[in-house]
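Coordinate analysis (summary)
Next come the chains, spelled out residue by residue.
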Amino acid sequence: MNELPSPRLRGVKKNDLRRIAELEAKAFGSYGVIDNDLKVMFDPSGPLWMLAEDDEAIWGYSVNLRAADPTVGWIAGMAIHPARQRHGWGQLLLQATIDRLHDYDMRVIRLLVKPSNKVARRLYENFGFIDTGERDNHFGPEEPRMLMSLLLDHPVASPRIRPEVPADPDAFAVTGGTTCE
Ligand SMILES: CC(C)(COP(=O)(O)OP(=O)(O)OC[C@H]1O[C@@H](n2cnc3c(N)ncnc32)[C@H](O)[C@@H]1OP(=O)(O)O)[C@@H](O)C(=O)NCCC(=O)NCCS
């Protein structure tokens, strides 16, 4: 693995949205959120979004939302461009995202991930996210998604003793669903 400089992590500005849409399309293809939808989502939730960049370009982002229950946050989409994957950027971006949502008084963070996406699942598990249920056919036939949840402020004492995460998956109030695969 070649050494890359660490990313700069920062909040998202409106003129970053086009690049985020490109990264969405690269990571999620037809499930990716397009530029116009990002603009609509940005107005209410933009301060929760994060990106990772270096001197060359923006290479990673997380699009995050607040649920109807204001203590619940959603990571609706997150990706690192393949040119920067496997260099620790995903971990840094996820930590910055968790910190940002915590700063905005969220106590539970949820996301949906494709059960076959082992890399992403492992990343989330390493941060303490646990499996809190599966949604069959979430994006249509044969498109299940696993709901993963992280309860903040309750450090896991041991891998065998998990905190109870309230199960309110329907609290996700944003239309259009998530793009996380
Ligand atoms: C998931 C994703 C964000 C990880 O980003 P990344 O920058 O490559 O992740 P990191 O380099 O920080 O590595 C995180 C962990 O994943 C592992 N990993 C990363 N890429 C991997 C690969 N291709 N194969 C196996 N393990 C991999 C790392 O070894 C590390 O695990 P470890 O801490 O146990 O060693 C990135 O792969 C991605 O954007 N994937 C496509 C979009 C996606 O799936 N988003 C998440 C949807 S919910």
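Within any chain, residue numbers begin from 1 and follow the written order of that chain's sequence. Only residues with pLDDT of at least 70 get local features here, since the model is predicted, and only at 80 or more are side-chain atom pairs given and counted; chain-wide, interface and lining totals rely on the full set of residues. Water and hydrogen atoms play no part in the side-chain values, which are based on all heavy atoms of the structure.

**Remarks on the pairing of strand E2 (residues 50-53)**
- Burial of the side chains of E2 extends over both faces: Met50 and Ala52 are buried on one face and Leu51 and Glu53 on the other.
- Where strand E1 (residues 8-11) meets E2, 4 bridges bridge the pair, whose relative direction is antiparallel. Bridging across to E2, Arg10 finds its partner in Leu51.
- Two strands qualify as a pair provided that DSSP identifies no fewer than 2 bridges between them. Comment: elements are numbered from the N terminus, with helices defined as DSSP H or I runs of at least four residues and strands as E runs of at least two. Direction of pairing for E2 relative to strand E3 (residues 58-66): antiparallel, over a ladder of 4 bridges. Each residue of the ladder has a partner; that of Leu51, found in E3, is Tyr61.
- Where E2 folds back on E3, the antiparallel hairpin that results is connected by 4 residues. Each residue is assigned to one of three classes by its accessible area relative to the maximum for its type, calculated with a 1.4 Å probe on protein chains only: buried under 20%, partly exposed between the two thresholds, exposed over 50%.

**Side note on the sheet that holds strand E4 (residues 72-80)**
- Read across the open sheet, the 7 strands follow the order E1-E2-E3-E4-E5-E7-E6; overall the sheet is mixed. Whereas interior strands pair on both sides, the edge strands pair on one side only; in this sheet they are E1 and strand E6 (130-135). Here the strands of the sheet are splayed against their neighbours by 25° on average, with no regard to which way each runs.
- Its contacts with the sheet place helix H1 (residues 17-28) against E3 and E4, and it is angled at close to 95° to E3. All axes are obtained by fitting lines to C-alpha atoms, using only the stretch in contact for helices, and the reported angles, taken between N-to-C directions, cover 0 to 180 degrees. Residue contacts are defined here by distance: any two heavy atoms, one from each residue, within 4.5 Å place the two residues in contact.

**Quick word on the pattern of salt bridges**
- We define a salt bridge as a side-chain nitrogen of Lys or Arg found within 4 Å of a carboxyl oxygen belonging to Asp or Glu. Overall, the coordinates contain 9 salt bridges when judged by the stated rule.
- Between Lys14 and Asp43 there is a salt bridge, with the nearest N and O atoms lying 3.5 Å from each other. With Lys14 in the loop between E1 and H1 and Asp43 in helix H2 (residues 35-45), this pair connects stretches of sequence that are 29 residues apart.
- Residue classification places Lys14 among the partly exposed residues on the basis of a relative accessible area of 46%.
- A relative accessible area of 55% means that Asp43 is categorised as exposed.
- Three or more residues are tied together by salt bridges with common partners; here these are Arg8, Arg10, Asp16, Glu53 and Asp55.

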